[in-house]
Amino acid sequence: EDLQSCGISEEIANKVELMVEEAFMIVKEHNKKTVDAVCTIMVYDNAVRLITRDNGKVFDITQINSELKSLRHYVAARLMETNKENAYLTTISFNRNSFMWEF
């Protein structure tokens, strides 16, 4: 609802919401311990960017297409195909993933 109040279509808002859920569930699957995580959503004139950060094991979620292990991995890979940009960066003790959809 918040994204739609910013002028984001329901289709894009649903993709962002699903990517948040899938990304954090994949992070949870890759870690056998409690992981701290946050996400940021930025709305631009013609795009929306989702940035997730976690302090779990280092792995590049944007390359998940190469290791389709489950339906969750498949869904995340297909969501990444529909957006403009995917990026992965490690910072001090955090994994950072960025996804952008244009509208």
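Residues numbered from 1 in each chain as written. Predicted model: local features only at pLDDT ≥ 70, side-chain atom pairs only at ≥ 80, totals over all residues. Heavy atoms only, no water.

J.: Describe the nonpolar core, and please don't skip the residues or the numbers.
T.: Met19, Val48, Phe99 and Trp101 are the most contacted members of the largest nonpolar core, which totals 18 residues. Among the secondary structure elements, those contributing two or more residues to this core are helix H2 (10-30), strand E2 (47-54), helix H3 (71-81) and strand E4 (94-102). Of the residues forming this core, the biggest block, 7 residues, is contributed by H2. (Core = buried A, V, L, I, M, F, W, Y, C linked by side-chain atoms within 4.5 Å. Buried < 20%, exposed > 50% of the residue type's maximum accessible area, 1.4 Å probe, protein only. Helix = DSSP H or I, 4+ residues; strand = E, 2+ residues; numbered from the N terminus.)

J.: Lay out the state of the cysteines in plain terms, naming residues and giving numbers.
T.: Taken as a whole, this structure holds 0 disulfides when the rule is applied. For Cys6, which is in no disulfide, the shortest distance to another cysteine sulfur is to Cys39 and amounts to 14 Å. In this structure Cys6 comes out as partly exposed when scored by relative accessible area, which is 49%. (Disulfide = S-S within 2.5 Å.)

J.: Residue-level account of the pairing of strand E3 (residues 85-91), with values.
T.: Pairing of E3 with E4, which is carried by 7 bridges, proceeds in the antiparallel orientation. Within E4, the residue paired with Asn86 across the bridge is Phe99. (Pairing = 2+ DSSP bridges.)

J.: Break down the side chain of Arg49 for me, citing the residues and quoting the values.
T.: Looking at the element boundaries, Arg49 is found in strand E2. Arg49 sits in the buried class, given a relative accessible area of 14%. At 2.7 Å, the side chain of Arg49 and the side chain of Ser98 are in polar contact. Residues within four places of Arg49 in sequence aside, it is in contact with Thr40, Ile41, Met42, Tyr44, Glu85, Ser98, Phe99 and Met100. (Polar contact = N/O pair within 3.5 Å; in protein donor to acceptor, adjacent residues only side chain to side chain. Contact = heavy atoms within 4.5 Å.)

J.: Describe in detail the environment of Cys39, supporting the description with residues and values.
T.: The residue Cys39 is located in strand E1 (residues 37-43) in this model. Using a relative accessible area of 37% as the deciding quantity, one classes Cys39 as partly exposed. C-alpha of Cys39 to C-alpha of Ile92: the two residues are 53 residues apart in sequence and 17 Å apart in space. If we ignore the near neighbours within four places in the chain, the residues touching Cys39 are Phe24, Leu50, Ile51 and Thr52.

J.: I'd love a proper account of H2, names of residues and values included.
T.: Taking 1.5 Å per residue, 21 residues should reach 30 Å; H2 reaches 30 Å between its end C-alpha atoms and fits that length. The set of residues buried in H2 consists of Ile12, Ala13, Lys15, Val16, Met19, Glu22, Ala23, Ile26, Val27 and His30. Of the surrounding secondary structure, the elements contacted by the buried residues of H2 are helix H1 (2-5), E1, E2, H3 and E4. (Expected span 1.5 Å × (residues − 1).)

J.: Please set out the pattern of salt bridges residue by residue, giving values where relevant.
T.: Within this structure, the stated rule accounts for 4 salt bridges. Residue Glu29 pairs with Arg72 through a salt bridge whose shortest N-O separation is 3.3 Å. Placement of Glu29 in helix H2 and of Arg72 in helix H3 is noted, with a sequence separation of 43 residues between them. Among the residues examined, Glu29 registers a relative accessible area of 34% and is labelled partly exposed. With relative accessibility at 24%, the residue Arg72 sits in the partly exposed group. As a salt-bridge pair, Glu81 and Arg78 come within 2.8 Å of each other at their nearest N and O atoms. (Salt bridge = Lys/Arg side-chain N within 4 Å of Asp/Glu carboxyl O.)

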